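Understanding the architecture of this molecule
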Amino acid sequence: MSGRIVYTGRVFSVELDKVTLSNGHEAEFAIVRHRPSVVLIPVQDDGRIVMIRQYRHALERDIWELPAGNVDEGESAEAAAARECEEEIGQVPAKVERLGSFYPTPGYCDEEMIFFRVSGLRSPAPDSTHKPDEDEDIESRPMSAADAKAMVKRGEIIDLKTAYALTLI
């Protein structure tokens, strides 16, 4: 059973692994295999950050979060950050600054989240092909970092990647 893919979807796959631990015991692990993703902190020229509100079906509700998305096959994380910025908030960044990367759920998932501050936001070229994905209905709103952090404290921002990213600014 070692390394057997039991599910493959559009966003991730699930693999079952049977391993022998260092203590000699055998264990079975289910691992969610997920491409790396980027998490953006879009900063406008006036210092406000751009948050998005979108429906998350797993929670059956809209939530406030920072823009994020997958790194496509063969794409650099920096290019993915610029593309996702344009797709999710309709702005192209002049500057893409990597802040670090983390594994949010290493107990069962290999997804690496790479955090970026993007700035120098401008309107995209009229012929740009970067649009929101068909399964996304996104509202974007600029707000101060203090207001976003207050939303975390009030429980209005419940997304962990967003709560953590707000500590980076």
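Anything mentioned here points back to the structure above.
Let us look at the structure shown here.

1. Quick word on the nonpolar core
- Membership of the largest hydrophobic core comes to 16 residues, with the highest contact counts inside it found for Ile49, Met51, Ala148 and Ile157.
- At the level of elements, strand E4 (37–42), strand E5 (49–56), strand E9 (113–119) and helix H2 (145–153) are the ones that each hand at least two residues to this core.

2. Describing the pairing of E9
- Most of E9 is tucked away: 6 of the 7 residues are buried.
- Relative to E9, E4 is paired through 6 bridges, and the arrangement is parallel. The partner of Val39 across the bridge, within E9, is Phe115.
- Relative to E9, strand E8 (residues 95–102) runs antiparallel, the two sharing 7 bridges. Counterpart to Arg98 in the pairing with E9 is Phe116.

3. Section: the sheet that holds strand E10 (residues 139–143)
- The 3 strands are arranged E6-E5-E10 in an open sheet whose pairing can be described as antiparallel. Both edges of this open sheet fall to strand E6 (61–65) and E10, since each of them pairs with a single strand only. On average, each strand axis in the sheet is tilted by 25 degrees relative to the strand beside it, whichever way the strands run.
- Relative to E10, E5 is paired through 5 bridges, and the arrangement is antiparallel. Looking at E10, one finds that Val50 is bridged to Pro142.
- Sheet strands in contact with H2 are E5, E6 and E10, and its direction is about 115 degrees off that of E10.

4. Digging into unusual backbone geometry
- The phi dihedral of Glu60 is positive, around 55 degrees, even though this residue is not glycine.
- As for its position among the elements, Glu60 is in the loop between E5 and E6.

5. Some remarks on the pairing of strand E3 (residues 26–34)
- Sheet topology note: the strand E2 (residues 12–20)/E3 ladder contains 9 bridges and is antiparallel. Among the inter-strand pairings, Glu15 is bridged to a residue of E3, identified as Ile31.
- The antiparallel pairing of E2 with E3 creates a hairpin that spans 5 residues between the two strands, and Gly24 there sits at a positive phi of about 90 degrees.

6. Observations regarding helix H1 (residues 77–89)
- For H1, built from 13 residues, the straight-helix expectation of 18 Å at 1.5 Å per residue is met to within 8% by its first-to-last C-alpha distance of 18 Å.
- Counting buried positions over the 13 residues of H1 gives 10, a clear majority of the element.
- Within H1, the full set of buried residues consists of Ala77, Ala80, Ala81, Arg83, Glu84, Cys85, Glu86, Glu87, Glu88 and Ile89.
- Looking at the buried side of H1, the elements it contacts are E4, E5, strand E7 (68–70), E8, E9 and E10.
- Of the residues one or two after H1, Gly90 is the one with positive phi, at around 70 degrees.

The rules behind each value
- Residues numbered from 1 in each chain as written.
- Predicted model: local features only at pLDDT ≥ 70, side-chain atom pairs only at ≥ 80, totals over all residues.
- Heavy atoms only, no water.
- Core = buried A, V, L, I, M, F, W, Y, C linked by side-chain atoms within 4.5 Å.
- Buried < 20%, exposed > 50% of the residue type's maximum accessible area, 1.4 Å probe, protein only.
- Helix = DSSP H or I, 4+ residues; strand = E, 2+ residues; numbered from the N terminus.
- Pairing = 2+ DSSP bridges.
- Axes fitted to C-alpha atoms, helices over the stretch in contact; angles between N-to-C directions.
- Contact = heavy atoms within 4.5 Å.
- Expected span 1.5 Å × (residues − 1).

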